[in-house]
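# Architecture at a glance
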Amino acid sequence: MELQLNYYDQFQQLSSQQTFSDNCIEEWNLPLIPNARIYGETTIYMHDISKWRIPGNTLIIDTNRPPHTTNQSTRKLIRDFLRSQPCRDIFVRMMTDHLGITHSRPIVFGTFRSVPLSGTTRGLSDWIFVHHLKDLYTDPEDDSFTMLNFDCNGHHLQLRVPFTETSISKKLMKATQISKFTYTLLDNFATIFGMSVIKPEDEVTFQIDHRLKNIEIPEMAIEEVLVDLLAHLFTISSEIVLDDPILSTSAAKKILMDPPSDLWRI
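Residues numbered from 1 in each chain as written. Predicted model: local features only at pLDDT ≥ 70, side-chain atom pairs only at ≥ 80, totals over all residues. Heavy atoms only, no water.

### Observations regarding empty space enclosed by the protein
Formally: In this analysis, the protein atoms alone were mapped onto a 1 Å grid. Cavities are point sets where a 1.4 Å probe fits without being able to get out; pockets are open sets with protein on both sides within 12 Å along at least five of seven lines; lining residues have an atom within 4 Å of a point. Grid points are joined across faces, edges and corners, and a volume is the space filled by probe spheres set on the points.
One pass over the full model with this rule turns up one cavity of 30 Å³ or more. Here the largest cavity is characterised by a volume of approximately 70 Å³.

Below, the structure written as structure tokens:
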């Protein structure tokens, strides 16, 4: 297993290069930071190294710090990041459940996107922070690797990762699907309530979206979508509070479609 990080200057000229490999233990000199965190503004990638023969469980690539490792797992880092703001994890779960994305769930809210490239959301995985990604293409020398080009706060970095361009693109499209659905949903709500508070779509679209296959979001019956989202939210809330949902999502949806009580009296 090997990762290669290339640094470019303002003229797009290669300035330096680092290789991270399980095969070069004697050359491994990255700092181990026990309390490391990930940040949406500066982190571009993290890789699970729990099976590598070097100290640490996760390798973090960030523009505020040189590459470093931590004893924390990728799962814990993502979980702590989600829980740093109220209801982030609930929102991600609700939206992905509605769209039928139940494996390797991307994290999407606002202009933030992070996608697991391997494993599962609940387990160990390698994560790419898509809002900093500008381009990707197959490594000309080995088609089992992909070159990822990042632009983060004026830093131009290129990362060579052991995943095919096709597999990465499929996962990125899931995140784009969630983003487009969320935007369409909020736009419908703004129209219904006669408000124009939503950002223009081009402000929440990333450059990498234009490299992916176009995703069309079908027209939605807003009432049906709202009921389905509420049913998923009820099921998720039951899991959190009671450790087990008291109703299935389909049963909750059926009740919400025809509530037994007169809501106007509540």
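Next comes the rest of the write-up.
### Quick word on a nonpolar patch on the surface
Quick note on the threshold: In this analysis, a patch consists of residues with relative accessible area above 30% that form no salt bridge, clustered at 9 Å for like charges and at 5 Å for the nonpolar side chains Val, Leu, Ile, Met, Phe, Trp and Tyr. With residues, only the protein chains shown are counted as cover, and all accessible areas are computed by Shrake-Rupley using a 1.4 Å probe. Salt bridges are defined as contacts in which a side-chain nitrogen from Lys or Arg sits within 4 Å of a carboxyl oxygen from Asp or Glu. Comment: elements are numbered from the N terminus, with helices defined as DSSP H or I runs of at least four residues and strands as E runs of at least two.
Side chains of Phe234, Ile240, Val241, Leu242, Ile246, Leu247 and Ile255 sit close together on the surface and give an oily, nonpolar patch of about 640 Å² of accessible area. Within the fold, valine 241 resides in helix 4 (residues 222-242).

### Structural notes on the nonpolar core
Going by this rule: The nonpolar core is taken to be a set of buried Ala, Val, Leu, Ile, Met, Phe, Trp, Tyr and Cys residues, with the residues joined through side-chain atoms within 4.5 Å. Using a 1.4 Å probe on the protein chains alone, a residue whose accessible area is under 20% of its type maximum counts as buried, one over 50% counts as exposed, and one in between counts as partly exposed. In this description, contact between two residues means that some pair of their heavy atoms is separated by no more than 4.5 Å.
The biggest cluster of nonpolar side chains holds 34 residues, and the ones touching the most others in it are Phe20, Tyr45, Ile128, Leu148, Val161, Ile168 and Leu172. Among the secondary structure elements, those contributing two or more residues to this core are strand 1 (2-8), strand 3 (43-48), strand 4 (58-62), strand 9 (133-138), strand 10 (146-152), strand 11 (155-161) and helix 3 (165-192). The dominant element in this core, judged by the number of residues it contributes, is helix 3, at four residues. Beyond its immediate sequence surroundings of up to four residues, leucine 148 is in contact with Ile128, Leu133, Asp135, Leu136, Leu157, Gln158, Leu159, Val161 and Ile168. Judged by nonpolar contacts, the second largest core, of 15 residues, contains Ile33, Ile38, Ile60 and Ile107.

### Some thoughts on the domain arrangement of the chain
Applied cut-off: Where each domain begins and ends is defined by an automated method or by a domain database. As a working definition, buried area equals the accessible area (1.4 Å probe) given up by two parts on being put together, with both sides summed. Pairing of N or O atoms within 3.5 Å defines a polar contact, subject to two protein rules: one partner must be a possible hydrogen donor and the other a possible acceptor, and residues neighboring in sequence count only if both atoms are side-chain atoms. In the scheme used here, Gly and all other residues not listed as nonpolar or charged are polar, with Ala, Val, Leu, Ile, Met, Phe, Trp, Tyr, Cys and Pro taken as nonpolar and Asp, Glu, Lys and Arg as charged.
Partitioning the chain into structural domains gives domain 1 (2-164) and domain 2 (222-257). Relative to domain 2, the C-alpha centre of domain 1 lies at a distance of 33 Å. Counting residues at the interface gives six residues for domain 1 and eight residues for domain 2. When domain 1 packs against domain 2, the two sides together hide about 720 Å² of surface, and 72% of this comes from carbon and sulfur. Scanning the region where domain 1 abuts domain 2 turns up one salt bridge. Between arginine 93 and glutamate 239 there is a salt bridge; the shortest N-O distance is 3.1 Å. Our count for the contact surface shared by domain 1 and domain 2 stands at two residue pairs in polar contact (both at pLDDT 80 or more). A breakdown of the residues in the side of domain 1 that touches domain 2 according to their chemical character gives three nonpolar, one polar and two charged.

### Details of the layout of surface pockets
In this structure, the second largest pocket encloses a volume near 230 Å³. Lining of the second largest pocket is provided by 14 residues; of these, Gly110, Thr182, Tyr183, Leu186 and Val204 occupy positions nearest its centre. For the lining of the second largest pocket, the elements supplying multiple residues, two or more each, are strand 6 (107-109) and helix 3. Counting residues per element, the lining of the second largest pocket draws most heavily on helix 3, which supplies six residues. The class makeup of the residues in the lining of the second largest pocket is 10 nonpolar, three polar and one charged.

### Topic: the sheet that holds strand 11
What counts, and what does not: DSSP bridges decide pairing: two strands pair if at least two such bridges lie between them. Whenever a helix is involved, its axis is fitted only over the stretch in contact; in every case the axis is a line through C-alpha atoms, and angles between N-to-C directions fall within 0 to 180 degrees.
Spatial ordering of the open sheet is given by 2-1-11-10-9, a layout of five strands whose pairing is antiparallel. Whereas interior strands pair on both sides, the edge strands pair on one side only; in this sheet they are strand 2 (14-21) and strand 9. Strand-to-strand twist of the sheet, defined as the mean angle between neighbouring strand axes without regard to direction, takes the value 15°. In this sheet, strand 2 lies alongside strand 1 in antiparallel orientation, the contact comprising seven bridges. Paired with tyrosine 8 across the strands is leucine 14, a residue of strand 2.

### Side note on the packing of helix 4 against helix 5 (residues 249-257)
Put simply, the rule is: Angles are sorted into four bins: roughly parallel if under 35 degrees, roughly antiparallel if over 145, roughly perpendicular if 65 to 115, and oblique for all others. Helix crossings are classified by the rotation of the near helix relative to the far one: an anticlockwise turn of less than a right angle makes the crossing left-handed, while a clockwise turn makes it right-handed.
One way to put it is that helix 4 packs onto helix 5 with a least axis distance of 8 Å and a crossing angle of 130°. As the angle between them shows, helix 4 and helix 5 are arranged oblique. The element helix 4 and its partner helix 5 pack so that their crossing is right-handed. Residue-level inspection shows Val227, Asp228, Leu230, Ala231, His232, Phe234 and Thr235 of helix 4 in contact with helix 5, the latter providing Thr249, Ala252, Lys253, Leu256 and Met257. Of the residues assigned to the contact of helix 4 with helix 5, the class counts are seven nonpolar, three polar and two charged.

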